[in-house]
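Structural overview for review
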Amino acid sequence: MSYTIGQIAALLGREFRGDGTRTLRKVAKSETADETALIFMQGEESTRIELGVLRAACVIARKGLAPDGINVIFSEQPKLDFARAAAYLHPRPKSNGSRHPTAEIHSDSEIGENVELGPFTVVEAGARIGQETILHAGVVVGKGSGVGSECILHPGVILYPGAQIGNRVILHAGVVVGSDGFGYVSDGCRHFKFPQVGTVVVDDDVEVGCNTTIDRGSLGTTHIGEGTKIDNLVQIAHNVEIGKHVVIAAQTGISGSTIIEDYAVIGGQVGFGDHARVQKGAVIGSKAGVLPGKIVRSGEIYWGVPVRPLREYKRLNALFGRLPEMKAEIEALKREVAELQATRQKGN
Amino acid sequence: MSYTIGQIAALLGREFRGDGTRTLRKVAKSETADETALIFMQGEESTRIELGVLRAACVIARKGLAPDGINVIFSEQPKLDFARAAAYLHPRPKSNGSRHPTAEIHSDSEIGENVELGPFTVVEAGARIGQETILHAGVVVGKGSGVGSECILHPGVILYPGAQIGNRVILHAGVVVGSDGFGYVSDGCRHFKFPQVGTVVVDDDVEVGCNTTIDRGSLGTTHIGEGTKIDNLVQIAHNVEIGKHVVIAAQTGISGSTIIEDYAVIGGQVGFGDHARVQKGAVIGSKAGVLPGKIVRSGEIYWGVPVRPLREYKRLNALFGRLPEMKAEIEALKREVAELQATRQKGN
Amino acid sequence: MSYTIGQIAALLGREFRGDGTRTLRKVAKSETADETALIFMQGEESTRIELGVLRAACVIARKGLAPDGINVIFSEQPKLDFARAAAYLHPRPKSNGSRHPTAEIHSDSEIGENVELGPFTVVEAGARIGQETILHAGVVVGKGSGVGSECILHPGVILYPGAQIGNRVILHAGVVVGSDGFGYVSDGCRHFKFPQVGTVVVDDDVEVGCNTTIDRGSLGTTHIGEGTKIDNLVQIAHNVEIGKHVVIAAQTGISGSTIIEDYAVIGGQVGFGDHARVQKGAVIGSKAGVLPGKIVRSGEIYWGVPVRPLREYKRLNALFGRLPEMKAEIEALKREVAELQATRQKGN
């Protein structure tokens, strides 16, 4: 898509300086920008940019920090407005409305208007696909599943029967939604499958990374709230409830019935025991471990295994690194005390 | 499936109280149960249930703990019997025996009686599929592989050539069995692939979660024993031997040639170095790390990186949290000893 | 493939002892070797082999350590030469040049000579596939992607539009290359997608394990260098640069813009924060955690969370295990010092 600088500035609701008629065709980083590119400056990197060749068509920058000799859109949140501008210059792909002849669509399914169905897609009985949605090659939509409108399901996405997906959801390649949760009851001899007959609901504007797996509820519902973003290779177990606008980085695993409230931010490779709860807006650092049943409070950053408030974690970790000195100090004290004891004995 | 309360009680070999002719159609949790639902009570939650609306048709409960005013099946293991009942009310899907016209079945393969082949399934030369097995959409069964009877391979499962799968095995979406192990020999300049020409055998009644990967042996065999249950996104390397009725939670990784004996229970995100051994029935907590060659003994719970018996881990972890106090105590001792030394000096 | 012992010895450039005309058909381990098998001995296991039945046709062994009564190819690096020999006896599968009738090849794509296209493969507009490459069942090559010559893409591999793959690359089942990176900018209310419009380049002779995910650059390029080997279920984020001949074990996650230089060796389940750098040849142990921005220096082995040089890690870990003793020593010192203070007081 192309826009003029003036158009983008207007769409962002920002002022600009320079040639508003200049055409923008793409976003870029300064090092590789060409004469149709929009770049941005957070502030700190101004020196680097000013020294570089200012080939870009336009920069989004804070008012005081914009370099000379280049068109500028002024913003107090340059990175945010750059992302917003990118949504105009590189809009999300639109459905072309075509149904590939190899698509296997069950007669008892509802396909909305202008849905794009790639080669070897499968839509099973009772499934519904909302308008303008794209199913890429090899996507399987199981019996009775629902996909909203304007969704993009990348190649190889698999929805188990009954999975419910909202609008404008993006599921990346290899995502599985609605698989059986991992629950068994042992009689001491073998494992009986605990029923995994619940449902899974993914709300509007969620994006899920490649090969991530989201299990259905066992008896209840696994729920991913609106606007939540999940990275690659994440595991979300049965009955997990994730709030709105949560961010979860790659390879994190969330055990059964754990609750992550709105606006929480979860790093990569974090592990959650079952029935834990992360309160609204809490931040959990990468590789942290949250014990079963643990409540992680709002308004703090947490780190470590098991998780502790970041300040405490840092302090403990620094002391961990000082264990050799502590040990040496104890040894020195033991010598000194022994000497004092010996002196005293002599003194007596 | 529907059964009367009396029929389910008889199938479970348990006594019941109330209206044995009442129809059960599903299992549920008490909060969402309707008048055809079977629920269960472990015991602790009795208060909650008694206060709730007892809409369910029947509850499985311990004799002394069953609430009044509802039909009851008595059991000393309510959760186990609930799971057993669920297997009647929600039986595992049965093959419908249909072969989708798009299924690509090599003429030199053996397909058993009443096998269900979904759209875009591929069965390569020399492969054998046992009777009543279901291959869902897009499953690929490689050359010379074998799948037993009554198996369910969910969409997108891939068996590399030669993989051998037992009876009643469930492989969830995206599982890969029989891929090359990760072995290279360096000449100091580049990596030569160590041969990955072994086999992989998955025994009867195994269930494997979505996107889990199980490599073939390098020169020998990777083996998953009967009744073992593996969660999503688990990595099982070449030559690993897993015993019977083992449970392995999500995102755990098991390095080459490690042995996990029968009835072991492994948490999520655990990592095993190569050539480790977990003895029969040992329990390893989530996020633990087992060093290469380590033997984890029977009859204990292990935790931490590297793994330690849980009691020891807990004690060390508590002391870790007390490092600031320990440091303060050392500082205080240093002051006091210095003072004692000063006094002594003066005394002399 | 079959070769005589003499031929293999010549191909390896090594001397042999015994019957050079004897036929070799496979590599094996000594326990399961038959009369056409080539085995190897690193040295330490010589006793075991000598006691076993020497059925193998030939052993690769160090000069002084070769057992009697068996044909021997002498090598100072038996495992390396065994791997090299295996490449002759078990050569990488060759394309049979067939195009399955169900393959969906866009008319505006370039398919090289003798490419093998399995059932339900998809090659989109503008994609190029080099000669002798094999696409197994269900592989999807997105718009404008390029795959070099003699590659093997196992079933279910997905290349997003624009991904560039070199020559002789092996991508195992379920690998995704070129997916959107995980980047968002929040306005405090919801998350705006940071543009993920960069590219991804995988160089020659790379091998990538099952279900591993490699994201495209956000504005720049994600790059995997020549000869690098990546295990199963690894996550490689946007803008990551991995050098040549790097080895990365299973379930490791590498955050955005991190650089791993040539010949680094990374264990399993390692986590890297963003913008970290691993210098040439550094070795990082399994489960380690590398903080954002951290530089991991050459010539050392690192371990732990956060990573420390192995010697330091071992020392700290040993002291961690001694915390109860340290605490007891502090308690004893406190008693002794109190006693000394009491004595002094009395003395005064």
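Read on for an overview of the structure. The model shown is predicted, which means the values in this text are computed figures rather than measured ones.

Another point: the overall build of chain A. Tallying secondary structure elements over chain A gives five helices and 40 strands in all. Whereas a compact globule of 348 residues would reach a radius of gyration of roughly 20 Å, chain A reaches 28 Å, over 25% beyond that. For chain A, the C-alpha atoms occupy an extent of roughly 100 × 75 × 30 Å along the three principal directions. Out of the 348 residues belonging to chain A, those deemed buried represent 56%. Taking the contacts inside chain A whose residues are at least 6 apart along the sequence as the reference set, 19% of them involve residues at least 24 apart. Within the structure as shown, chain A displays about 13600 Å² of accessible surface, and the carbon and sulfur contribution to it stands at 50%.

Copy one and copy two of the chain differ by a rotation about an axis and a translation along that axis. Here chain C sits on chain A after a turn of 120° about the axis and a move of 0.0 Å along it, with an RMSD of 0.0 Å. The symmetry that links the two subunits is that of a three-fold axis.

Before going further, it helps to examine the interface of chain B and chain C. Each side of the interface is counted separately: chain B has 63 residues, and chain C has 56 residues. Summed over the three residues of chain B that lose the most area to chain C, namely Phe182(B), His191(B) and Leu340(B), the buried surface amounts to 14% of that side. Between the two partners, chain B and chain C, sit three salt bridges. Note that Glu339(B) is salt-bridged to Arg344(C), the shortest N-O span being 3.9 Å.

So, about the pairing of strand S6 (residues 58-61) of chain B. Residue and element names in this part refer to chain B. Where burial is concerned, the two faces of S6 agree: the one with Cys58 and Ile60 and the one with Val59 and Ala61 are both buried. Relative to S6, strand S5 (residues 37-40) is paired through three bridges, and the arrangement is parallel. Its bridge partner being in S6, leucine 38 is matched across the sheet by cysteine 58. By the bridge criterion, four bridges tie S6 to strand S7 (residues 71-74) in an arrangement that is parallel.

All names here are of chain B. One open sheet accounts for five strands, arranged S2-S7-S6-S5-S4; its pairing is mixed. Whereas interior strands pair on both sides, the edge strands pair on one side only; in this sheet they are strand S2 (16-17) and strand S4 (26-27). Lying on the sheet, helix H1 (residues 5-12) is in contact with S2, S6 and S7; it crosses S7 at an angle near 10°. Across the face of the sheet, helix H3 (residues 78-89) comes into contact with S4, S5 and S6 while running at roughly 160° to S5.

A few words on the interface of chain C and chain A. Facing the 63 residues of chain C at the interface are 56 residues of chain A. Of all residues in chain C, Phe182(C), His191(C) and Leu340(C) give up the largest surface area on contact with chain A, accounting jointly for 14% of the area buried on that side. On inspection of chain C and its partner chain A, the count reaches three salt bridges. Connecting chain C to chain A are 22 residue pairs in polar contact (both at pLDDT 80 or more). Put simply, the parts of the chain that give the side of chain C that touches chain A at least two residues each are strand S20 (176-179), strand S21 (184-186), strand S22 (191-193), strand S25 (213-215), helix H4 (310-321) and helix H5 (323-347) of chain C. Here the residues of the side of chain C that touches chain A are counted per class, giving 31 nonpolar, 19 polar and 13 charged.

Right, let's talk about the pattern of salt bridges for a bit. The full count for this structure, using the stated rule, is 42 salt bridges over all chains. The shortest N-O distance in the salt bridge between Lys334(A) and Glu331(A) comes to 3.9 Å. Separated by three residues within a single helix, Lys334(A) and Glu331(A) lie in helix H5 (residues 323-347), roughly one turn from each other. When its relative accessible area of 32% is taken as the criterion, Lys334(A) is described as partly exposed. Each of Lys327(A), Glu331(A), Lys334(A) and Glu329(C) takes part in a single network of salt bridges with overlapping partners.

The subject of this paragraph is helix H3 (residues 78-89) of chain C. The terminal C-alpha atoms of H3(C), which comprises twelve residues, lie 16 Å apart, in line with the 16 Å expected from a rise of 1.5 Å per residue. Every buried residue belonging to H3(C) is among Pro78(C), Leu80(C), Asp81(C), Phe82(C), Ala83(C), Ala85(C), Ala86(C) and Leu89(C), and all of these are buried.

Quick look at the environment of Phe120(A) now. Along the chain, Phe120(A) turns up in the loop between strand S10 (116-117) and strand S11 (122-123). Placed 17 residues apart in sequence, Phe120(A) and Ala103(A) show a C-alpha to C-alpha distance of 4.9 Å. Aside from chain neighbours lying at most four places away, what touches Phe120(A) is Thr102(A), Ala103(A), Gly138(A), Val139(A), Phe120(B), Thr102(C), Glu104(C), Phe120(C), Thr121(C) and Val122(C).

Turning our eyes to something else, we now look at the packing of helix H1 (residues 5-12) of chain A against helix H3 (residues 78-89) of chain A. Residue and element names in this part refer to chain A. Put simply, H1 and H3 touch, their axes get as near as 10 Å, and they point 120° apart. Taken together, H1 and H3 sit at an angle that is classed as oblique. The way H1 lies across H3 gives a crossing that is right-handed. Side by side, H1 and H3 meet where Ile8, Leu11 and Leu12 of the first sit next to Asp81, Arg84, Ala85, Tyr88 and Leu89 of the second.

The next thing to look at is unusual backbone geometry. When glycine is set aside, most residues are seen to have a negative phi, and most peptide bonds are trans. Note that the residue after Val305(A), namely Pro306(A), is joined by a cis bond; omega there is -10°. For Asn211(A), which is not glycine, the phi torsion reads 60° and is therefore positive. Tracing the chain through its elements places Asn211(A) in the loop between strand S24 (207-208) and strand S25 (213-215). A positive phi is found at Tyr263(C), a non-glycine position, where the angle reads about 65°. As for its placement among the helices and strands, Tyr263(C) is situated in the loop between strand S32 (259-260) and strand S33 (265-266).

A few words on the environment of Leu153(A). Residue and element names in this part refer to chain A. Assignment of secondary structure puts leucine 153 in strand S16 (residues 152-153). Along the primary structure leucine 153 and alanine 85 are separated by 68 residues, whereas in three dimensions their C-alpha atoms are 24 Å apart. When neighbours within four sequence positions are excluded, leucine 153 is seen to be in contact with Ile134, Leu135, His136, Val139, Val147, Leu159 and Leu171.

If you trace the ten strands from one edge of the open sheet to the other, you get S8-S11-S14-S17-S20-S25-S28-S31-S34-S37 (chain B), paired in parallel fashion. For this open sheet the edge positions go to strand S8 (104-105) and strand S37 (289-290) of chain B, each flanked by a neighbour on one side alone.

Rules used throughout
- Residues numbered from 1 in each chain as written.
- Chains lettered and ligands numbered in written order.
- Predicted model: local features only at pLDDT ≥ 70, side-chain atom pairs only at ≥ 80, totals over all residues.
- Heavy atoms only, no water.
- Helix = DSSP H or I, 4+ residues; strand = E, 2+ residues; numbered from the N terminus.
- Rg over C-alpha atoms; globule rule 2.2 N^0.38 Å.
- Buried < 20%, exposed > 50% of the residue type's maximum accessible area, 1.4 Å probe, protein only.
- Contact = heavy atoms within 4.5 Å.
- Areas by Shrake-Rupley, 256 points an atom, 1.4 Å probe, with all protein chains shown as cover.
- Least-squares fit on C-alpha atoms with pLDDT ≥ 70 in both.
- Buried area = accessible area lost by both parts, 1.4 Å probe.
- Salt bridge = Lys/Arg side-chain N within 4 Å of Asp/Glu carboxyl O.
- Pairing = 2+ DSSP bridges.
- Axes fitted to C-alpha atoms, helices over the stretch in contact; angles between N-to-C directions.
- Polar contact = N/O pair within 3.5 Å; in protein donor to acceptor, adjacent residues only side chain to side chain.
- Nonpolar A, V, L, I, M, F, W, Y, C, P; charged D, E, K, R; others polar.
- Expected span 1.5 Å × (residues − 1).
- Parallel < 35°, antiparallel > 145°, perpendicular 65-115°, else oblique.
- Left-handed = near helix turned anticlockwise from the far one by under 90°.

Distances and angles like these do not, on their own, reveal function.
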